[in-house]
There are 2 protein chains.
Amino acid sequence: MTSTPGLADRIVAGDTRAVARAISLIEDEDPAGVELLRALFGRTGRAYLIGVTGPPGAGKSTLVDRLTTELRRPASTIETGAASAAPGVGIIAVDPTSPFTGGAVLGDRLRMQSHAADDGVFIRSMATRGHLGGLARATGDAALVLDAAGKQVVIIETVGVGQDEVEIVRTADISIVTLVPGAGDDVQALKAGIMEIADVFVVNKSDREGADRLVSAIESNLSLHEYGPGQWRPPIVKTVATTGAGVPELVDTIRRFREHSEPAQSARRRVRSETRVRELVAAKLVAHLEQRVLGPGEWTAVVERVTSREIDPYTAADDLVRRAVAGSPRL
Amino acid sequence: MTSTPGLADRIVAGDTRAVARAISLIEDEDPAGVELLRALFGRTGRAYLIGVTGPPGAGKSTLVDRLTTELRRPASTIETGAASAAPGVGIIAVDPTSPFTGGAVLGDRLRMQSHAADDGVFIRSMATRGHLGGLARATGDAALVLDAAGKQVVIIETVGVGQDEVEIVRTADISIVTLVPGAGDDVQALKAGIMEIADVFVVNKSDREGADRLVSAIESNLSLHEYGPGQWRPPIVKTVATTGAGVPELVDTIRRFREHSEPAQSARRRVRSETRVRELVAAKLVAHLEQRVLGPGEWTAVVERVTSREIDPYTAADDLVRRAVAGSPRL
């Protein structure tokens, strides 16, 4: 096994195998992953994070593949300054696959093929872990690794419209919500908490019947909201990801948003930092309480008393917190 | 405004308006909601929690409505002991609706109509709140209120297959995963982390083309897993929720699962208690650190240093935790 400093150097040099190894460490919650991130963090902050979400079946994977191909064309750029060379692209497909079906690995292999010859593209699926917030944290950490490895663009693709996905996508620099005509109920799709996180809407499979109806439905939802002068009104881009139609327009829209939001970007990144610090602190404080403050078996005993309705969880939590902060200088 | 003790009594008496008021307090994170739950907790633990999830467009709302109607028929029962009167049913529709579209309220009104004449049914949508884990906690608390109000069955319906939905449904006594033929890609639906949480699969809209193919796909996924003797193998129930076909079979399947899992149910409830205590403790400990241990502006200053890459979030979290536990007797 490579030592952390060696691995960090290889990642910064853009070594693909080192990047893959690092993301595995993060996924496995190996302490070496944390050491690595400490070493890499100062080298991050340059990548542009694109979040792509939407309901299953919206064609997000194909769209992300096409978007990547388009970004890799020398003439194409989302850089806001002078035109530069084609950016390196990292893709994290947040894939709530169970170990049971093994879909993530298969999916990776299939998807790798379309960019197999391109050193500038790195694709990785990340699967759900059981505990709350674990996926958002792991995804963010994987994005940091790709950032440190010099990828100028990191695309985070999530399936679904649950709170966790919303959380992941919201912390990206731009949130793209992908919808598709005729997927059950248009209103359902729009209801699903995604109106407010979208910076850009993509109506994919826009050659299908119902595409214009879906565009109108999004439009009428947007029209409920007042956009002041200088405020970004989420545009709707029609694509057919399988043919690539509309994808250059999407790249152009991303570039325009990036330009528009440059002043607000630091605020968005501050929220991302705060979420991360808060999660880490919460996990560490609970672990401290469980392992250092309480005696062996005490945590379990409290849970047991709550399960049997002897005490309520709020009182239990208050008692535990009181013990954790006993001796705290400011209480 | 009603005082908490008065409200608690009215809830235990089954007063619908009091239940609605209590859930609003929970949704608004009003401290009075916490006081109420403390008062009610000892009266809970009797309701059977049914979690229903699946991708958007799977017809979950219609299914839940039909299931409710069926449960309310005097001849129908999921009680495992002697047959009893039709159980009171509470429905919590976890609806990640943005305040922007206002869909939750509309949805409630539309859905209320089919059970408007039935005092034994209470329906309530709950919307996503911004922060991590907030929805799972609020949903669990709302279920407690319905439990205390004497509903023998509480159905929690979620849209989507994100981690948060999985978390919500997993803590129910039974998890029903609803799929639908031809919704994009069958494999996609099965990939979405739901194989391992399902106690029962429902193939809804089973009169549509592709229903048998979907059943086979689920079957072949299940066959990858070995079920020992006495182990529950998730059955697949075909329904057409719009006509009610298959819904009596679903009720029967729920009853069979309930019987089968009675010995394991306390373990499941222990996990639910632990998750709840852990979340509460984490939130309280972070609040203590932020408000009592740190001086004004200190938290923001740390976040700022992380945002500017001056320190990494892991080091920042370690420093903060060190300060929080300074003086802690066991360190």
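Predicted model only: the values in this text are computed from it and were never measured.

Our focus in this paragraph is the overall build of chain A. The helix and strand tally for chain A stands at 12 helices and 7 strands. Sorting the 331 residues of chain A into buried and exposed places 57% on the buried side. Restricting to contacts in chain A with at least 6 residues of sequence separation, those with at least 24 account for 75%. Accessible surface, chain A: about 13300 Å² in total, of which carbon and sulfur atoms supply 52%.

This paragraph deals with the environment of Arg-258 of chain B. Along the chain, the position of Arg-258 of chain B falls in helix H10 (residues 247-293). The exposure class assigned to Arg-258 of chain B is buried, which follows from its relative accessible area of 11%.

On to the pattern of salt bridges, then. Applying the stated criterion to the full structure yields 40 salt bridges over all chains. The salt bridge partner of Arg-233 of chain A is Glu-219 of chain A, with a shortest N-O separation of 3.1 Å. Of this pair, Arg-233 of chain A sits in the loop between helix H9 (211-222) and strand E7 (236-238) while Glu-219 of chain A sits in helix H9, and the two are 14 residues apart along the sequence. Judged by its relative accessible area of 35%, Arg-233 of chain A is partly exposed. Residue classification places Glu-219 of chain A among the partly exposed positions, given a relative accessible area of 34%. We note a salt bridge from Asp-318 of chain A to Arg-38 of chain B, for which the minimum N-O separation is 2.8 Å. With Asp-318 of chain A in helix H12 (residues 313-325) and Arg-38 of chain B in helix H3 (residues 31-40), this residue pair bridges two chains. What makes Asp-318 of chain A buried here is its relative accessible area of 18%. For Arg-38 of chain B, a relative accessible area of 24% corresponds to the partly exposed category. One connected set of salt bridges, linked through shared partners, spans Glu-35, Arg-38 and Lys-284 of chain A together with Asp-318 of chain B.

Below, the discussion takes up the environment of Ile-311 of chain B. With respect to the element layout, Ile-311 of chain B can be found in the loop between helix H11 (298-307) and helix H12 (313-324). Beyond its immediate chain neighbours, meaning those up to four positions away, Ile-311 of chain B contacts Phe-41 of chain A together with Arg-305, Val-306 and Ala-316 of chain B.

What follows covers the packing of aromatic side chains. Residues and elements named next belong to chain A. Here the structure, examined in full by the defined rule, presents 2 aromatic pairs over all chains. Centre to centre, the rings of Trp-232 and Phe-257 are 5.0 Å apart; their planes meet at 75°, and the pair counts as edge-to-face. Remark: Phe-257 occurs in helix H10 (residues 247-293) and Trp-232 occurs in the loop between H9 and E7; sequence separation between them is 25 residues. Exposure remark for Trp-232: the relative accessible area of 16% places this residue in the buried category. Since its relative accessible area comes to 4%, Phe-257 is described here as buried.

All names here are of chain B. Contact geometry of helix H4 (residues 60-71) with H10 gives a least axis separation of 9 Å together with a crossing angle of 75°. Relative to H10, the element H4 lies roughly perpendicular. Contacts between H4 and H10 pair Leu-63, Arg-66, Leu-67, Glu-70 and Leu-71 from the former with Val-247, Pro-248, Leu-250, Val-251 and Ile-254 from the latter. Its residues assigned to classes, the contact of H4 with H10 comprises 8 nonpolar, no polar and 2 charged.

Once that is clear, we can look at the pairing of strand E4 (residues 153-158) of chain B. Within E4 of chain B, 6 of the 6 residues are buried, which leaves it mostly tucked inside the rest of the structure. Here E4 of chain B shows two buried faces, one formed by Val-153, Ile-155 and Glu-157 of chain B and the other by Val-154, Ile-156 and Thr-158 of chain B.

This part takes up the environment of Leu-63 of chain A. Examined against the element boundaries, Leu-63 of chain A turns out to sit in helix H4 (residues 60-72). Sequence separation of Leu-63 of chain A and Val-247 of chain A is 184 residues, and the distance between their C-alpha atoms is 7.9 Å.

Time to look at the pairing of strand E4 (residues 153-158) of chain A. In the sheet, strand E1 (residues 48-53) of chain A pairs with E4 of chain A via 5 bridges, with the strands oriented parallel. Across the sheet, residue Tyr-48 of chain A finds its bridge partner in E4 of chain A, namely Val-153 of chain A.

Here the focus is the confidence of the model for chain A. Residues and elements named next belong to chain A. Looking at chain A, pLDDT values average 82 and 79% of them are 70 or higher. Mean pLDDT across the elements of chain A bottoms out in helix H5 (residues 103-112) (49) and peaks in E7 (98). Within the model, pLDDT remains below 50 along residues 97-106, and this stretch shows 24 contacts once partners closer than five positions in the same chain are excluded. Scoring of the predicted complex yields 0.72 for pTM and 0.78 for ipTM.

We now examine H10 of chain A. Relative to the 69 Å expected for 47 residues at 1.5 Å per residue, H10 of chain A spans just 55 Å between its end C-alpha atoms, considerably shorter than the ideal helical length. Along H10 of chain A, the sharpest change in direction is near 75° and occurs at Glu-262 of chain A; proline Pro-263 of chain A comes one to four residues later.

Below, the discussion takes up unusual backbone geometry. Backbone phi values are negative for most residues with the exception of glycine, while trans is the configuration of most peptide bonds. Residues and elements named next belong to chain A. Even without being a glycine, Glu-29 presents a positive backbone phi close to 55°. Tracing the sequence through the fold places Glu-29 in the loop between helix H2 (16-27) and helix H3 (31-40). At Arg-309, a position not held by glycine, the phi torsion is positive, near 70°. Following the sequence through the fold, Arg-309 ends up in the loop between helix H11 (298-307) and H12.

What follows concerns the packing of H11 of chain A against H10 of chain B. As a packed pair, H11 of chain A and H10 of chain B sit with axes 9 Å apart at the nearest point and diverge in direction by 110°. Classed by the angle they form, the pair H11 of chain A and H10 of chain B counts as roughly perpendicular. Where H11 of chain A crosses over H10 of chain B, the handedness of that crossing is right-handed. Across from Trp-299, Val-303, Glu-304, Val-306 and Thr-307 of chain A in H11 of chain A, the residues of H10 of chain B making contact are Ser-266, Arg-269, Arg-270, Ser-273, Glu-274, Val-277 and Arg-278 of chain B. Classifying every residue of the contact of H11 of chain A with H10 of chain B gives 4 nonpolar, 3 polar and 5 charged.

Rules used in this analysis
Residues numbered from 1 in each chain as written. Chains lettered and ligands numbered in written order. Predicted model: local features only at pLDDT ≥ 70, side-chain atom pairs only at ≥ 80, totals over all residues. Heavy atoms only, no water. Helix = DSSP H or I, 4+ residues; strand = E, 2+ residues; numbered from the N terminus. Buried < 20%, exposed > 50% of the residue type's maximum accessible area, 1.4 Å probe, protein only. Contact = heavy atoms within 4.5 Å. Areas by Shrake-Rupley, 256 points an atom, 1.4 Å probe, with all protein chains shown as cover. Salt bridge = Lys/Arg side-chain N within 4 Å of Asp/Glu carboxyl O. Phe/Tyr/Trp six-rings, centres within 6.5 Å; stacked < 30°, edge-to-face > 60°. Axes fitted to C-alpha atoms, helices over the stretch in contact; angles between N-to-C directions. Parallel < 35°, antiparallel > 145°, perpendicular 65-115°, else oblique. Nonpolar A, V, L, I, M, F, W, Y, C, P; charged D, E, K, R; others polar. Pairing = 2+ DSSP bridges. pLDDT = per-residue confidence, 0-100. Expected span 1.5 Å × (residues − 1). Bend = angle between axes of the 7 residues up to and from the residue. Left-handed = near helix turned anticlockwise from the far one by under 90°.

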